[in-house]
Structures are given as structure tokens and as C-alpha cells.
Amino acid sequence: MWQSPDNSSPPQHLMTLMTQHDATIFPCVIPQMEEAQGELALDDSNDARKRTLSKSFSGFISAFINRTDVWFQQAVYRDKFGCFCKKVANGADPVSRRLIVNHLSGDITVCVPATNGEGLAKWCAWDSDLDSDHLARIAAVLVAIGFHPLKEGRREGREGHMWLMLDVPAPAADLLLFNRLVCSYAEIDRNALEFFPKSVNKLSQLRLPLGVHRKPEANHQRGWFDGAPKSIAEQLIWFAAQPKNSTERVQRLANAQRIAEANALRQARKKRVRRFANRVGSLEAIDILSLVDARRVGDEFYAQCPACAAEGHDRHADNLRISADGKKFCCVFGGPAATHKSREIVRILSKENR
Ligand SMILES: [Zn+2]
């Protein structure tokens, strides 16, 4: 469920998206933050600055918190894997201003989910544990195509995090495509570093900036942003002044990537069919799974039978049954008599992919 920590109404773009998805999601109950308890305990007597700071703090929460019902605490487990993040029970202690204050004061370290649980994200980020130039190369690409990335958490031997804060929440599916495009421009193997959100549906999370890193080897360093003095107040005020990035622009690039990937897939299919056509061997030689959009159902795969499709049926796309190893397939239309013979199916597929 989409939850806005600052009680603002959702942006139009999101409304449209959510309406398409599920009309019942809006309006949702937005949990009130504990304003009174959540005052930032910062030693500052200047009232104007206090107001600026309070506004910056709210902006920080609103920018990073995709959902308030789930968060993670970075806790140290001393096994051979070092440290990992522990999931805190849903809803028992939802995200509040107090929680974020505790994070900033260093009492605890909060990791935040990369999506709202409905496939939308207010930010995307890259995480590099290596001392390489990957983040620098990605930053260079992002800047070159007009974006404003923020580096954070850099320390000796580790590049840290790089964040792209978005003006309105973006579909995670588009962000994943956008990452593939950026990595290809930067000539980086996208598996060499982590990208968030990691997936559309699964929960992935990243340490919230400005907190204390709990890993013993991190020496309790904080996740400071590059570009501002290392104090919580200065960093919050600096962050508030940073421009957000256009989600619309991200989506346009994601679309370009989507088309490029579809074309590449078509080309690869063509090649495979040509290879098959050259080989006048048995039907077993054909890699049927690479030629159709199949989905796993139990022990086999289902796909639309191209012969059925050509006759205007098999709208459910389940007449073509493929064995688990992809070696055997048949159309179940017409029962055991097999109205559509495998050779006919292959002939249609070769024409489609020519
Ligand atoms: Zn058929």
C-alpha cells in the first residue's frame, strides 16, 4: 500500500498508475507521524535555522521512505559472513519521525525498503562494495544525460552508495530497465554492483543515509553525502537543496531500453530459427522455449500455440504444452488427434521469426 509519511496527496502520475492497478488503493489511511516526539535534538538557538532544519528533516523522510509499515535494522551478527540486516516485525513499530531521529543520532541504524510494496519507488541507488571506479563511471553517464546523482557512504576501499532521488515515484520495472541502459552506457557489467530496487516484487532494502555503519570494519563511520560538511544538520539542509530527478525522463529512457531489448531478443530468435531451418534434423533439435513466450505450470510449460493463434483462438495462451526440458511439445487443441502437428507449429514460428 502506498503510504505518504508527510501526509501529502499522491502525485497525479501515481494516481493514474494506481487507479489502473487497483482502484481501492486510494485513498488509504496515512499514518500520522509523531510530530511532537520527533523533534530533532540539535543544539541550535536560531529559530529560522531550526525551521529550515525541521523542514529539511521532513523532506529527508519524505524522499527516502517508500512505505512506513516495514523497515530493517542493521544489526551485527558475528559469523563468517560478517554482518547482515535483520528484519523487524511488520507494523509493530512502524517508521516514525522518532525512528529516523534515532537513526540520525546513531542509536540504531535503519535500512529502508526500495519500493512501496506495489512496485513503485521514490529513488533508485547503486551500491558498490569495491574500490573500483564503477560508481564514478555511472555518475559520469548520469550527469552526461542530465541527471543529478548523490554520492554517499564513501570510505576507504569502498565506493559506497549513489542515489537518484525522483520527483515522483517510478515503476520499479522501469528503474530496472533504466539501470541496464546506464550500465551499458558506462560499459559496466551490471552484476558487478548492486542496484536498488532489486526487483519489482521482492523486498529489497538499503541503509538510510547519515546513519552509523554497524559493520565492525566500518569503524562506526556514518553514511555522509559527498559535498556537504560532516554534520547531521548541514547534511540535511544540503540534501533538501538538491534537485530531484525527472521520473518522466527515466521512463522515456526505460522505454528506449525496452524496445532495444525486444529487438535484440527478436534478432536472437531469428538466428536460432535459421539455425534450425538449416538443420533438417528431428523436431527435438528445436529450442522451442526460446521461440515462444512460455510460462511454467507445474511440471511443464504453457504457451500460445501459433497455429491456434493464427486461427484466432487460444487467447489463454495455454494450448501449446512443452515438457520441462523443452525437448517435447504439442498442441492440445482437438485432443489426441493433434489438429496442429508439431511441424506445422515450427513452420509458423519460422515464418513469424523470419
Ligand atoms: Zn494449436
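Above this text you will find the structure in question.
Residues numbered from 1 in each chain as written. Predicted model: local features only at pLDDT ≥ 70, side-chain atom pairs only at ≥ 80, totals over all residues. Heavy atoms only, no water.

A. Representation of empty space enclosed by the protein within the structure. For the structure on display, the rule yields one cavity of 30 Å³ or more. Its boundaries defined by the atoms lining it, the largest cavity holds a volume of some 50 Å³. G153, R154, R155, R207, H213, A218, Q221, R222 and G223 are the residues that line the largest cavity. Of the residues that constitute the lining of the largest cavity, the class distribution is one nonpolar, four polar and four charged. (1 Å grid on protein atoms, 1.4 Å probe; cavity = no way out; pocket = protein on both sides within 12 Å on 5 of 7 lines; lining within 4 Å. Points joined across faces, edges and corners; volume = space filled by probe spheres on them. Nonpolar A, V, L, I, M, F, W, Y, C, P; charged D, E, K, R; others polar.)

B. How the structure looks around unusual backbone geometry. A cis geometry characterises the amide bond from F196 onward to P197, with omega recorded as 0 degrees. Tracing the backbone shows P197 in the loop between β7 (194-196) and β8 (205-207). Positive phi is not limited to glycine here, since D314 has a value of about 55 degrees. Here D314 lies in the loop between α8 (306-310) and β11 (320-323). (Helix = DSSP H or I, 4+ residues; strand = E, 2+ residues; numbered from the N terminus.)

C. Local environment of the coordination of the zinc ion. Coordination of the zinc ion by the protein involves C305 (SG), C308 (SG), C331 (SG) and H340 (ND1), with metal-donor separations of 2.1 to 2.3 Å. Here the zinc ion binds four donor atoms, and the angle range of 102 to 119 degrees at the metal identifies the geometry as tetrahedral. Counting along the primary sequence, the residues that act as donors to the zinc ion give the motif C-x2-C-x22-C-x8-H. Remark: C331 occurs in strand β12 (residues 329-331) and C308 occurs in helix α8; sequence separation between them is 23 residues. On the basis of relative accessible area, C308 is assigned to the buried category, the value being 0%. (Donors = N, O, S within 2.8 Å, 3.2 Å for Na, K, Ca; no water. Tetrahedral: all angles 85-135°; square planar, octahedral: opposite > 155°, others 65-115°. Buried < 20%, exposed > 50% of the residue type's maximum accessible area, 1.4 Å probe, protein only.)

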